[in-house]
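# Working through the structure, step by step
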Amino acid sequence: LHLIDLSLSRALPNVAVVRLEAARSDTPGHRATRLEARICRFGAGEGRAEVMARLLIDGQERARSTLSIAPGQCINKSFDHAFRRAGAHEAIVALSISGALSPRSAEDAWPADNRRYLRLSVAAALRVLLLNGDPSPLRHRDELFYLRAALTTGGAAVATLGPPLHADVLTRGGFGALRLGTYD
């Protein structure tokens with residue numbers, strides 16, 4: 001927790017990451033996530049400032065982008081990242097400024113807000129059970145063949161549904177010995 005005295009002049013130069021959120025991504029992959037940062041430049045100044053925005057995932061730099069920000073301007077910057085494993089992850093967007101923010105000072109008045117942290121919980125694959133009550137040896141006549149293919153391809157359409165799915169197909173005869181507790 002950082003306490004910052006904001007009673008000082010609002011004219012002091014500052015660049016800040018004011019928001020960091022996670023959203024679904026159109027990038028291929030089961031665990032693709034879009035991290036959206038809002039970066040603003042406050043205070044007095046002239047001209048545009050060159051700001052390097054870096055995305056760190058679990059302490060490792062995964063992407064970077066140079067932004068040109070005018071005084072009073074806010075920019076939305078999106079980073080797409082596909083997580084390799086499920087579980088808890090930490091995302092950080094960190095800023096570094098090259099050049100002066102104002103004619104009177106080359107320093108950012110509030111360096112503590114140049115980083116924004118986000119804790120993410122990436123879902124594992126869901127296990128689902130598909131019961132085929134009328135199986136057919138011909139694929140084009142077996143409805144579950146198409147459903148299973150659609151649920152387990154890992155394409156962009158499935159990524160919009162949420163976590164990846166692992167689908168098991170069962171016929172009527174195998175239902176008796178099954179433990180339903182192993183499925184989501």
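The coordinates are above.
A brief report on the enclosed structure follows. (Residues numbered from 1 in each chain as written. Predicted model: local features only at pLDDT ≥ 70, side-chain atom pairs only at ≥ 80, totals over all residues. Heavy atoms only, no water.)

## So, the packing of aromatic side chains
- All told, the structure shown has zero aromatic pairs when counted by the stated rule.
- Lying across the ring of Phe79, Lys77 places its NZ or CZ 5.3 Å from the centre. (Phe/Tyr/Trp six-rings, centres within 6.5 Å; stacked < 30°, edge-to-face > 60°. Lys NZ or Arg CZ within 6 Å of the ring centre and 35° of its normal.)

## Remarks on the sheet that holds strand β5 (residues 74-82)
- Ordered in space as β1-β2-β5, the three strands form an open sheet in which the pairing is antiparallel. Each edge of the open sheet carries a strand with a single partner, namely β1 (14-24) and β5. Between one strand axis and the next, the sheet turns by 20° as a mean value, whatever way the strands run.
- In terms of strand pairing, β1 meets strand β2 (residues 32-42) through ten bridges, oriented antiparallel. Of the residues in β2, the one forming a bridge with Val15 is Arg41. (Pairing = 2+ DSSP bridges. Helix = DSSP H or I, 4+ residues; strand = E, 2+ residues; numbered from the N terminus. Axes fitted to C-alpha atoms, helices over the stretch in contact; angles between N-to-C directions.)

## Points about the state of the cysteines
- Applying the stated rule across the entire model yields one disulfide.
- Sulfur-sulfur distance for the disulfide between Cys40 and Cys74 comes to 2.0 Å. Across the S-S bond of Cys40 and Cys74 the torsion is about 110°, and the bridge reads as right-handed. Of this pair, Cys40 sits in strand β2 while Cys74 sits in strand β5, and the two are 34 residues apart along the sequence. (Disulfide = S-S within 2.5 Å.)

## Looking at the environment of Ser78
- As for its placement among the helices and strands, Ser78 is situated in strand β5.
- For Ser78, a relative accessible area of 34% gives the class partly exposed.
- Placed 41 residues apart in sequence, Ser78 and Ala37 show a C-alpha to C-alpha distance of 6.3 Å.
- If we ignore the near neighbours within four places in the chain, the residues touching Ser78 are Arg34, Leu35 and Glu36. (Buried < 20%, exposed > 50% of the residue type's maximum accessible area, 1.4 Å probe, protein only. Contact = heavy atoms within 4.5 Å.)

## So, the nonpolar core
- Leu35, Ile39, Val93 and Leu95 are the most contacted members of the largest nonpolar core, which has 22 residues in total.
- Looking at this core, the elements that each hand over two or more residues are β1, β2, β3 (49-57), β4 (60-69), β5, β6 (87-98) and β7 (115-122).
- A per-element tally of this core places β3 first, with five residues.
- If we ignore the near neighbours within four places in the chain, the residues touching Leu95 are Val15, Ala16, Val17, Ile39, Val51, Met52, Ala53 and Asn114. (Core = buried A, V, L, I, M, F, W, Y, C linked by side-chain atoms within 4.5 Å.)

## Remarks on the environment of Val128
- Along the chain, Val128 falls in strand β8 (residues 126-132).
- Through-space distance from the C-alpha of Val128 to that of Leu165 is 6.9 Å; in sequence the pair is 37 residues apart.
- Every residue in contact with Val128, bar those within four places of it in the chain, is listed here: Leu165, His166, Ala167, Asp168 and Tyr183.

## Digging into the pattern of salt bridges
- Within this structure, the stated rule accounts for five salt bridges.
- As a salt-bridge pair, Arg64 and Glu61 come within 2.6 Å of each other at their nearest N and O atoms.
- A relative accessible area of 51% means that Arg64 is categorised as exposed.
- Classification of Glu61 by relative accessible area gives partly exposed; the value is 33%.
- Where salt bridges share partners, they join Arg54, Glu61 and Arg64 into one cluster. (Salt bridge = Lys/Arg side-chain N within 4 Å of Asp/Glu carboxyl O.)

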